[in-house]
Amino acid sequence: MKTTIKKTVAAIALLAGILTLNVNARTFELTAWRGETLAAVVEDFAELAEAPEGISIKFGVMKPVKYAPSPLSLKRHEIYDRVVWEVNKEDCGPRVVEISVPQDAKPGVYKCGNMNIRVLDRVLPSAKDWKYFLDLWQHPWAISRIENVKPFSRSHFKKMRPIYELLSTAGQKTLTVTIVPQAWDHQCYDAYDTMIDRVKMSDGSWKFDYTLFDKYVEFGRSCGLGPTIACYTMCPWSYVCRYKNENGDIISVTCKPGTKEFEDYWGDFLVDFTRHLKEKGWFNDTYIAMDERTIEDVRAIGQFIQKHSPGMKVAMAGNHLPSQYGVTIDNFCMILSEKINADYIKEAVERRAKGMITTYYVCCAPIYPNTFMWSEAGEAFWLGAYPAMCGLDGFLRWAWNSWPKDPVKDASFGTWHAGDTFLCYPGGEPSWRFLELRNGIIAAEKIRILKEKNLFTKEIEEISKLYKEGEARNNKSNFVAIRRKTLKLVNKE
């Protein structure tokens, strides 16, 4: 089975168009813009050498990872997914290269053994300057558990850095912050805690401690994440909020929007949080974020926020048109479904003109396209490229590193589809799924740049027609062929 997988992955690279094979000369070619970092699978016959002067190359292999073919299945399959850059001679598996071309590199062909790197005379901005809005949710407590270090200790931050810096290479725009314990109950293997401690005094007043919040935001930004600070949430699943009293006891209270408990828990907090954010210069970057809440809850919370913190932004992942919520949602994300239609795209255009963000997301649904362990070749690339084809601003996925017990040994977790809960491995090792997603995001950025320069207008229109949401969700899209055609276009001279 491993041999079959290996051949399949190599075939994907050839079919995708990022790798062009010359059978007679036994050479292959990769194409990149100046400033681009691309990942590709290397053919078995390749004899690679040292990186050519001026080009940075990392060589690695894919390692097999076990997974359940369906939720709760006792069977285990194996797929090559974990990419390891420090390679030993005895390591086997599909070979991978990551090529980074400086923005000041000279256009032309660079040779690395029998691999040719064709550098075009076009410049891709640094990842932090991409206009694509990427939001993959981070989970710091999962890292502390895997690495067996105290949460937010010096050792913890050291272990987090390579994982967050890897995410920054895809242009991640958001730092995931929690302002209430268990914002999503305890759905992950590791529970989220709050980054802002609060104590309710005996006289009914509140004290808030932003020490960890500040430290975490500063750390995330030092890793290249942001500038958006997404604060989850004023509407936790099951509405349960927690705080400490003066004795240190943890008190739970149900805070449903519109109740006295909600007003008490969040009113003073919003006022004080606003003061603190403005002092730090972070107010304009901060969003109160909500996840798949009802129209009634979102409307009530949005109105409550503007009453206590005028100008505070709101982010929302939901299943209705943003205009239907009755309040301003500055960053809105729609699940990939039939609801991403002409009406949604029209609102996205209108919202963009007002400086708002409009994106889409996948999670445990739809089944296709997705980034599960068993997802077909080209699906992750499709997800990354799709926003540029339909007129949205970017992509969201709920789990960057919500790891199961041991993701290196088994990617499965409960009733989730294997791979749903993470896109990277401990230590900052990327999954091939992530690298393919990043390749798609880069293609989307290239499409944006080409559009702005009025280049290949008709060709872009034709390519965009291949990215049909309905066909993709019903697994009727040829993801590999679409990927190949997209790369051929964005790397056209």
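Residues numbered from 1 in each chain as written. Predicted model: local features only at pLDDT ≥ 70, side-chain atom pairs only at ≥ 80, totals over all residues. Heavy atoms only, no water.

A. Local environment of the overall build of the protein chain. Scanning the protein chain for helices and strands turns up 12 helices and 23 strands. For a compact globule of 493 residues, the expected C-alpha radius of gyration is about 23 Å, and the protein chain comes in at 23 Å, within 12% of that figure. Projecting the C-alpha coordinates of the protein chain onto the three principal axes gives extents of approximately 80 × 50 × 45 Å. Here the protein chain holds 493 residues, and 58% of them are scored as buried. Here the protein chain has roughly 20600 Å² of accessible surface; of this, 51% comes from carbon and sulfur atoms. In the protein chain, which carries 66 positive and 61 negative side-chain charges, the distance between the mean positions of the two groups comes to 3 Å. (Helix = DSSP H or I, 4+ residues; strand = E, 2+ residues; numbered from the N terminus. Rg over C-alpha atoms; globule rule 2.2 N^0.38 Å. Buried < 20%, exposed > 50% of the residue type's maximum accessible area, 1.4 Å probe, protein only. Areas by Shrake-Rupley, 256 points an atom, 1.4 Å probe, with all protein chains shown as cover. Lys, Arg positive; Asp, Glu negative; His and termini not counted. Charge placed at Lys NZ, Arg CZ, Asp CG, Glu CD.)

B. Geometry of the confidence of the model for the protein chain. Model confidence for the protein chain is summarised by a mean pLDDT of 94, while 95% of its residues fall at 70 or above. Low pLDDT, under 50, characterises residues 1-17; the predicted model gives this stretch 33 contacts beyond four residues in sequence or across chains. (pLDDT = per-residue confidence, 0-100. Contact = heavy atoms within 4.5 Å.)

C. Structural context of empty space enclosed by the protein. Inspection of every chain in the model, using the stated rule, returns two cavities of 30 Å³ or more. Its volume calculated, the largest cavity comes out at about 120 Å³. Lining the largest cavity are 16 residues, with Asp135, Tyr232, Ala315, Asn331 and Leu396 sitting closest to its centre. Those elements giving two or more residues to the lining of the largest cavity turn out to be strand 9 (133-136), strand 14 (228-232), strand 17 (286-291), strand 18 (313-318), strand 19 (331-335) and strand 21 (394-397). Tallied by class, the residues present in the lining of the largest cavity amount to 11 nonpolar, four polar and one charged. (1 Å grid on protein atoms, 1.4 Å probe; cavity = no way out; pocket = protein on both sides within 12 Å on 5 of 7 lines; lining within 4 Å. Points joined across faces, edges and corners; volume = space filled by probe spheres on them. Nonpolar A, V, L, I, M, F, W, Y, C, P; charged D, E, K, R; others polar.)

D. Summary view of the sheet that holds strand 13 (residues 206-209). Reading across the sheet, the four strands line up as 13-12-15-16 and stay open at both edges, with mixed pairing between neighbours. Bordering the open sheet on either side are strand 13 and strand 16 (250-254), each of which pairs with just one other strand. Neighbour to neighbour, the strand axes of the sheet diverge by 40 degrees on average, direction disregarded. The pairing of strand 12 (residues 197-200) with strand 15 (residues 240-245) spans two bridges and is parallel. In the sheet register, Lys200 faces strand 15, and the bridge partner there is Asn245. (Pairing = 2+ DSSP bridges. Axes fitted to C-alpha atoms, helices over the stretch in contact; angles between N-to-C directions.)

E. A look at unusual backbone geometry. The linkage connecting Gly226 with the following residue, Pro227, adopts the cis geometry, with an omega of 15 degrees. Looking along the chain, the bond that leaves Tyr232 and enters Thr233 is cis, with omega of -5 degrees. Mapping Thr233 onto the fold places it in the loop between strand 14 and strand 15. Of note, Gln182 is a non-glycine position whose phi angle comes to about 50 degrees, a positive value. The topology assignment puts Gln182 in the loop between strand 10 (174-178) and strand 11 (183-186). For Asn454, which is not glycine, the phi torsion reads 55 degrees and is therefore positive.

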